[in-house]
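Residues per chain, in single letters:
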Amino acid sequence: MSVDRWDLSNKIERYVPGEDLLALQPGRIVELEGPAGFGLTRLGYRMLADPSRRAPVVALDVRGWMSPLAAWEAGVERDRLVVVRCPEPRSWVQVAAALCEGVKAVFAEVPAGVRDSDIRKLAALARARSVRMALRPLKGGLTTGVSYLRLRSVEVAWTGPEAGRGRLTGRRLVLEASGKGMAGMTRLIEVEEEGENTLRVVSGLVAGEAGRAAG
């Protein structure tokens, strides 16, 4: 899938968060929305990295794409990662709810076909159990009012691979951030990744010429 370069130089705003924007918070849902190939799975892994230093964490895999190696490279502790595969919408709801009863941090893909009412119940359970949760809907977005922070991918650019080959040495994601976590405002921010497990919010930068997204 080809990714076009957008001129966002006059639109990316400086964001100075009171807390780390990329850190999952107890009971607050982070929504990661966007097409495949825009680095959202990597971002979800990175959000599990800090919680994994204290307790087991879970990646709930719908497409069969999640790789423990990629999660480890993103900073998740090797002996504290559990990958659960569940592609069926009905089973997914039950599995996700069970995970909220047993662990304190979850990054979950959300399959198409899950009812909005079930998502709301899951969010309420996560709040009640103080679970740190990032949800990655595979089609569309989450129903209104579920997510505390919504991060929608706008653009991706990277350095390293040439003609689709080579080692990834850096990546920049432009994200649209909105929701209660942004005090009700909508802003474009940029996340810069260098090396294997360094990921940070930066400001005043524009994504460079994009390559070709895959995955």
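Data block above holds the structure.
Cut-off values and rules
Residues numbered from 1 in each chain as written. Predicted model: local features only at pLDDT ≥ 70, side-chain atom pairs only at ≥ 80, totals over all residues. Heavy atoms only, no water. Helix = DSSP H or I, 4+ residues; strand = E, 2+ residues; numbered from the N terminus. Expected span 1.5 Å × (residues − 1). Buried < 20%, exposed > 50% of the residue type's maximum accessible area, 1.4 Å probe, protein only. Salt bridge = Lys/Arg side-chain N within 4 Å of Asp/Glu carboxyl O. Pairing = 2+ DSSP bridges. Phe/Tyr/Trp six-rings, centres within 6.5 Å; stacked < 30°, edge-to-face > 60°. Lys NZ or Arg CZ within 6 Å of the ring centre and 35° of its normal. Polar contact = N/O pair within 3.5 Å; in protein donor to acceptor, adjacent residues only side chain to side chain. Core = buried A, V, L, I, M, F, W, Y, C linked by side-chain atoms within 4.5 Å. Contact = heavy atoms within 4.5 Å. Axes fitted to C-alpha atoms, helices over the stretch in contact; angles between N-to-C directions. Parallel < 35°, antiparallel > 145°, perpendicular 65-115°, else oblique. Nonpolar A, V, L, I, M, F, W, Y, C, P; charged D, E, K, R; others polar. Arc of directions from axis to C-beta.

Engineer: Please give an account of helix 1 (residues 40-52) that cites residues and values.
Structural biologist: Look at helix 1: 18 Å from first C-alpha to last across 13 residues, which is about the 18 Å you get at 1.5 Å a residue. Most of helix 1 sits out of view: ten of its 13 residues are buried. Leu40, Arg42, Leu43, Gly44, Tyr45, Met47, Leu48, Ala49, Pro51 and Ser52 are the residues of helix 1 that are buried.

Engineer: Outline the pattern of salt bridges, listing residues and values.
Structural biologist: When the charged atoms of two side chains lie near each other, side chains of opposite charge can form a pair. Under the definition given, this model contains ten salt bridges. Residue Arg85 pairs with Asp61 through a salt bridge whose shortest N-O separation is 2.1 Å. In this pair, Arg85 sits in strand 3 (residues 81-85) while Asp61 sits in strand 2 (residues 57-61), placing the two residues 24 residues apart along the sequence. Taking the relative accessible area as the measure of exposure, Arg85 reaches 48% and is therefore partly exposed.

Engineer: Could you give me a rundown of the pairing of strand 4 (residues 105-110), with the residues and numbers involved?
Structural biologist: Each regular strand shows side chains that alternate between the opposite faces of the sheet. Burial analysis of strand 4 places six of its six residues in the buried class, the great majority of the element. On strand 4, burial covers both faces: Ala105, Phe107 and Glu109 on one face and Val106, Ala108 and Val110 on the other are all buried. Pairing geometry for strand 2 and strand 4, over three bridges, is parallel. Each bridged residue has a counterpart across the sheet, and for Ala59 the counterpart in strand 4 is Phe107. Bridge count between strand 4 and strand 5 (residues 132-137): six bridges; the pairing is parallel. Across the sheet, the residue bridging to Phe107 is Ala134, located in strand 5.

Engineer: Give me the lowdown on the packing of aromatic side chains, citing residues and values where you can.
Structural biologist: Applying the stated criterion across every chain, the model contains one aromatic pair. Ring geometry for Tyr45 and Phe107: centres 6.1 Å apart, planes at 85°, overall edge-to-face. Taken together, the residues span a long stretch of sequence, with Tyr45 in helix 1 and Phe107 in strand 4 at a distance of 62 residues. Positioned over the ring face of Tyr148 is Arg28, at 4.3 Å from the centre of the ring.

Engineer: Residues and numbers for the side chain of Asp61, please.
Structural biologist: Residue class for Asp61 comes out buried when judged on its relative accessible area of 0%. One polar contact links the side chain of Asp61 to the main-chain amide nitrogen of Arg63, over a distance of 3.2 Å.

Engineer: So what about the nonpolar core? Which residues, and what values?
Structural biologist: Val30, Leu32, Leu43, Met47, Leu151 and Leu175 are the most contacted members of the largest nonpolar core, which has 30 residues in total. Residue assignment for this core shows that the elements contributing at least two residues are strand 1 (29-33), helix 1, strand 2, strand 4, strand 6 (149-159), strand 7 (170-178) and strand 8 (187-194). The leading source of residues in this core is helix 1, at five residues. The residues touching Leu175, leaving out its near neighbours within four places in the chain, are Leu40, Leu43, Leu151, Arg152, Ser153, Val154, Arg187, Leu188, Ile189 and Val191.

Engineer: Explain the packing of helix 3 (residues 89-102) against helix 4 (residues 116-128) to me, and be specific about the residues and the numbers.
Structural biologist: Between two packed helices, what matters for the description is the angle formed by their axes and the separation of those axes. Running from amino to carboxyl end, helix 3 crosses helix 4 at an angle of 5°, the nearest separation of the two axes being 9 Å. Compared by their axis directions, helix 3 and helix 4 come out roughly parallel. Residues Trp92, Val93, Ala96, Ala97, Cys100 and Glu101 of helix 3 form the contact with helix 4, whose own contacting residues are Asp118, Ile119, Leu122, Leu125 and Ala126. Residues of the contact of helix 3 with helix 4, tallied by class, amount to nine nonpolar, no polar and two charged.

Engineer: Residues and numbers for unusual backbone geometry, please.
Structural biologist: The backbone phi angle of Ser130 is positive, close to 55°, even though this residue is not glycine. Locating Ser130 in the fold gives a position in the loop between helix 4 and strand 5. Notably, Ala183 is not glycine yet its phi reads approximately 55°, a positive angle.

Engineer: I'd like a rundown of helix 3, residues and numbers included.
Structural biologist: Taking 1.5 Å per residue as the helical rise, helix 3 with its 14 residues ought to reach 20 Å, and the 20 Å between its terminal C-alpha atoms agrees with that figure. Taken together, the buried positions of helix 3 are occupied by Trp92, Val93, Ala96, Leu99 and Cys100. The arc enclosing the buried residues of helix 3, seen along the axis, measures out at 130°, which places them on a common side. Among the exposed residues of helix 3, those pointing more than 90 degrees away from its buried face are Arg90, Gln94 and Gly102.

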